[in-house]
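# An overview of the molecular structure
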Amino acid sequence: MSATPTPPKPIVSTKLVPPRGAGRVVARDKLIAQMLEARRRRCFVVQGPAGCGKTTALIAWRQALLPLGFDVAWLTLTPEDNEPTRLIDYLLASLAQVDAAITHEAAELAGHGIDSEAVERTVVALVRGIARHPRDLVLVLDDLHQLSDARIHEALQWLLDYSPPNLHVVLTSRTAVPLSLARLRAQGLVLELDLRDLRFSQAESERFLQAQLGTIDHRDAVLLHELTDGWVAGLQLYAIDWKKRRQESGGDAKVPSEFTRAHVQDAKTFASYFEREVLSRLAPQELELLISVSTCNRFCAPLCAALAGRPEAVQDMAALLARLEADNLFIVPVESTERETWYRLHPLLRETLRARFGRRSEARRLHVHVAAWQWFRTHGLLDEAVRHAVQAGESSAAADLLERSGYGLAVRGELRKLIGLVRQLPPEEVQSRPLLRLWMIRLELYSRDFDACVASIASLRAQLPEDDAVNHFTLTMLQATLAIQRDDIGSAMNLLPQLLQTPADADAMTIGGRDNILSWLYMQRGEYERARQVQLDNPTRLIDGVPLLGTASGTLQGRCLIGLSYAMQGQMTKAERIYRDVLREAELGGSACTDPRHLATALLGEVLYEQNEPEAVRQLLEDRVEVLERVSIPDSVLRLFYMLSAAHWIAGRRLESFACLERLEDYATDLGLDRLLVYSLASQMYRRLLLGEHQQAEELLQRLEELGKRQTRSDSEPFNETAVIIERVRIRWLIALGKFDAAAERIDPLIAWMESRSRQRLIAQMLLLRAVIESRRGHRPVARECVISALKLGHRLGLRRTLLDADPAATEMIRQIGSDPALDPVLAFYVERLCPPGSSSDVGAASAPASPSPTAPIEALSERELDVVRLLAQALPNKKIARTLGLSPETVKWHLKNIYGKLGVSGRDEAVARVRDLTL
């Protein structure tokens, strides 16, 4: 008989370490039992004033949960967290300590936009990560009243609304929670506790006092309970005062008469009593130290020594802090990965001490902030250093520090942290610093705030001296980056002469960005070897001696572009090797290499599709759609949806295929990207032709013609990429109409343009299309010659799907030629691998997936899910479903995920078949 496996050890991620002795402070048996019984609920609300025991109750509950297999993440919130991006970063960092897999996708999305949709995407990605976590997870948001930003409340509301069954959110607050809990209440999924629940009973008060004092007479315990009304902070304050009086009097056990004259039952009376009876009894140097550290969110012995002006007295300070903690003087240790032991003040004590600090002279206050910021700077704690420097009136020094630290943070993938620190500076300080303004422009690019980016570039350029060559060049590089992000290749090309005039003292990040832009532009002109040479001429980029691998300026991004140059020439095997190497190195590089990892992933999907591995394409890309759509450049997003659509089409998932193209259409329309819109419409049109839906195909062609006219007015070239796509669908339309002579007239100039740009893959596909045209015209020898030329080119490049997707008739012609005994044996073998026996000859003929068994039991759908299902059955895309129901697209996606899970299906096609079987 095998032994029962030992469950994995629960994980605790927390910014709060329980005070020593917290487990023995008092057994809140009734309250903890109530909370344990409700542990499967989705939301816990603990509301009450400071000092009422919210935190200590939760600490005891947490300790009881751990043996039951729950993981816990704990965030103690401060006013500094009242900013959406900062809070999300804090939340993700805390949850990553439990399991990095929970936050992997959300961390990649975070920061790419601060609009409502961007934040919702991040929350949805986080919820998905939590749902995949194998254990129950408790998320404690302590001191929620510190957060007043409506955007944060909206994000937390999404977290509650979308929460999976294994997530349990605990909210503690001094004030009413600013979230809607009505739905969860109606479902019995909320436990709400207030001051009445948190007050100690008389028995609990007595046990608490016994734990603090050792012994206490029952009548004295009853008296103190009445004086405090069971308010734990008041009890603790009395206990501290009485213990000190006992020590001074040699052990007098009587309740001091002062106690009976003060009812400590709220924060105001606490502050008054604390000032009068406790702080006044501290040694002057102890009180002075506590007042000084009240300005810091956390403190340690070396920092205390610096604030006291005695940097050599670290050991003395460590002993003092340990004694104050042992006396339960409202000093709490906080968790840290650093060597030092860090502490924080209880909120009630800190408020009292900060009031005293505010009554000091300005000179004394500034002196403390100066000492604090200099200590934090010396120890590399940038966040605290900047905050205290600004409060010390030394904003210029803080700006100097950020200018020195900026590139290091960027290399480590911490651009958002840098920008958050820059925003702490006075606006006039930032405006006077071109380097800091350049970082702000980079953030606007990063978050796709393109209009603001245009305005910022114009404003800074107008204010820069003409002889500031480096910053002018950096602005040009950022302008080119913006043009690429907007898929405006013409504007980027216009900047090419300026990009070639690089100042000698430009930094590595600027040069790296320039090189990657140059490679991109040269590829657009068909100069692939030159694009590769740009990267090979500058293989090493260093920032402060550290290789610049990640970011859009790094060498990994440059290597992706080398791979892309090979792919555009049709050399897919070379491209694949480069992409896989980049992915491996990017994974090792962590968050600093997010940009090249995303680019390599999208580009690798194109290679896998070309190798006729549609399922591998789905596995690689499908779970990354949200991230790649949000953070990648337009060409990556194009490849993402284009390849996913094609992979679904091959598998017979028609609705999924069109949904991908419609999503690409929405993306292109929202951002004004005509080229991507043309790709989407052209692919939809071809698929409609394959299905015999000529009316829909003609409507799509009309839209493409309108886009073509717009392109013709703005671009004088006879062919550009957009014009090529439109010309290809015109040719397909003429073939569908049987107008083969007209099609033949159009295809030769198109092939000539492709040859001038060395677009070998497209040439191979167009040769097959030409073979179809010539065959229909009765020119069979010419058709055969075209097929053989395409096969030779395809064999040399290792192409598969490019040829198979050309046209169903072309695939059949390949089969026929492959069976010719006179065919070159090498080409015959290539045809055998390209079209193995038994495979379909029609790119549109794959069978639809079988629907799941209609007899399988399903979980009941909610009314809203039924609404979504009904519209889904009408083949509406997500955006139209969202508009019809008055929802956001992200909410529709969330409902679809739940619907698929309940129906036991993997996508739209199966869901529609299942719905019809069930007659929902």
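Not measured: the values here are computed from a predicted model. (Residues numbered from 1 in each chain as written. Predicted model: local features only at pLDDT ≥ 70, side-chain atom pairs only at ≥ 80, totals over all residues. Heavy atoms only, no water.)

### So, the overall build of the protein chain
Short version of the rule: The way it works is that DSSP assigns letters per residue, a run of H or I at least four long becomes a helix, a run of E at least two long becomes a strand, and they are numbered from the N terminus. Three exposure classes are used, based on accessible area relative to the maximum for each residue type with a 1.4 Å probe and protein chains only: buried under 20%, partly exposed in between, and exposed over 50%. Residue-level accessible areas treat just the shown protein chains as cover; the underlying method is Shrake-Rupley with a 1.4 Å probe.
On a plain count of helices and strands, the protein chain comes out with 50 helices and 10 strands. Counting over 920 residues, the protein chain shows a buried share of 57%. Accessible surface, the protein chain as shown: approximately 38,500 Å² in total, 51% of it carbon and sulfur.

### Overview of the environment of R732
Heads up, the condition is: Residues are treated as being in contact if the distance between any of their heavy atoms lies within 4.5 Å.
Following the sequence through the fold, R732 ends up in helix 40 (residues 721–737). Here the alpha-carbon distance between R732 and A743, two residues 11 residues apart in the chain, equals 7.8 Å. Setting aside chain neighbours within four positions, we find R732 in contact with Y686, L689, Q765, L769, D805, A806 and D807.

### Quick look at the pattern of salt bridges
The line we're drawing: The term salt bridge refers to a pairing of a side-chain nitrogen on Lys or Arg with a carboxyl oxygen on Asp or Glu at a separation within 4 Å.
This structure, assessed with the given rule, holds 45 salt bridges. Here E403 makes a salt bridge to R433, at a shortest N to O gap of 3.1 Å. Here R433 lies in the loop between helix 23 (427–431) and helix 24 (434–446) and E403 lies in helix 21 (residues 395–411), a separation of 30 residues in the sequence. Under the relative-accessibility criterion, E403 is labelled partly exposed at 21%. On the accessibility criterion, R433 (10% relative accessible area) is buried. Note that D487 and R675 form a salt bridge whose closest N and O atoms lie 2.5 Å from each other. Remark: R675 occurs in helix 38 (residues 674–690) and D487 occurs in the loop between helix 26 (469–485) and helix 27 (489–494); sequence separation between them is 188 residues. A single burial state applies to D487 and to R675, both of which are buried.

### Notes on the side chain of D149
How we decide: Polar contact is the term for a pair of N or O atoms within 3.5 Å; when the atoms are in protein, one must be able to donate a hydrogen and the other to accept it, and sequence-neighboring residues count only if both atoms are side-chain atoms.
Within the fold, D149 resides in the loop between strand 4 (137–142) and helix 7 (150–161). Among the polar contacts listed, one links the side chain of D149 to the backbone nitrogen of R151, at a separation of 2.7 Å. Apart from the residues lying within four places of it in its own chain, the contact partners of D149 are N82 and P84.

### Here's the deal with the packing of aromatic side chains
Formally: Aromatic contacts are taken between Phe, Tyr and Trp rings whose centres are within 6.5 Å, Trp giving its six-membered ring; a plane angle under 30 degrees counts as stacked, one over 60 as edge-to-face, and the others as tilted.
Under the definition given, this model contains six aromatic pairs. Between the aromatic rings of W375 and F376, the centroid separation amounts to 5.4 Å while the plane-to-plane angle is 80°, which identifies the pairing as edge-to-face. Given a relative accessible area of 10%, W375 falls into the buried group. Exposure remark for F376: the relative accessible area of 1% places this residue in the buried category. Between Y407 and W439, the ring centres sit 5.2 Å apart and the planes meet at 65°, which makes this aromatic pair edge-to-face. Note that Y407 is positioned in helix 21 and W439 in helix 24, a separation of 32 residues in sequence. Classification of Y407 as buried rests on a relative accessible area of 16%.

### Comments concerning unusual backbone geometry
We note that T551 has phi near 65°; this positive angle belongs to a residue other than glycine. The topology assignment puts T551 in the loop between strand 10 (546–547) and helix 31 (555–568). Under the relative-accessibility criterion, T551 is labelled buried at 13%. Phi at S758 takes a positive value of approximately 55°, unusual for a residue other than glycine. The topology assignment puts S758 in the loop between helix 41 (740–756) and helix 42 (760–776).

### Some remarks on the confidence of the model for the protein chain
Rule in force here: By definition, pLDDT measures how confident the predictor is in each residue, and it falls between 0 and 100.
Confidence along the protein chain averages 82 in pLDDT terms, with 84% of residues attaining 70 or more. Confidence over residues 1–27 falls short of pLDDT 50; this stretch has 60 contacts with residues more than four positions distant or in other chains. Within the model, the stretch residues 844–856 combines pLDDT values under 50 with 32 contacts to residues more than four positions away or in other chains.

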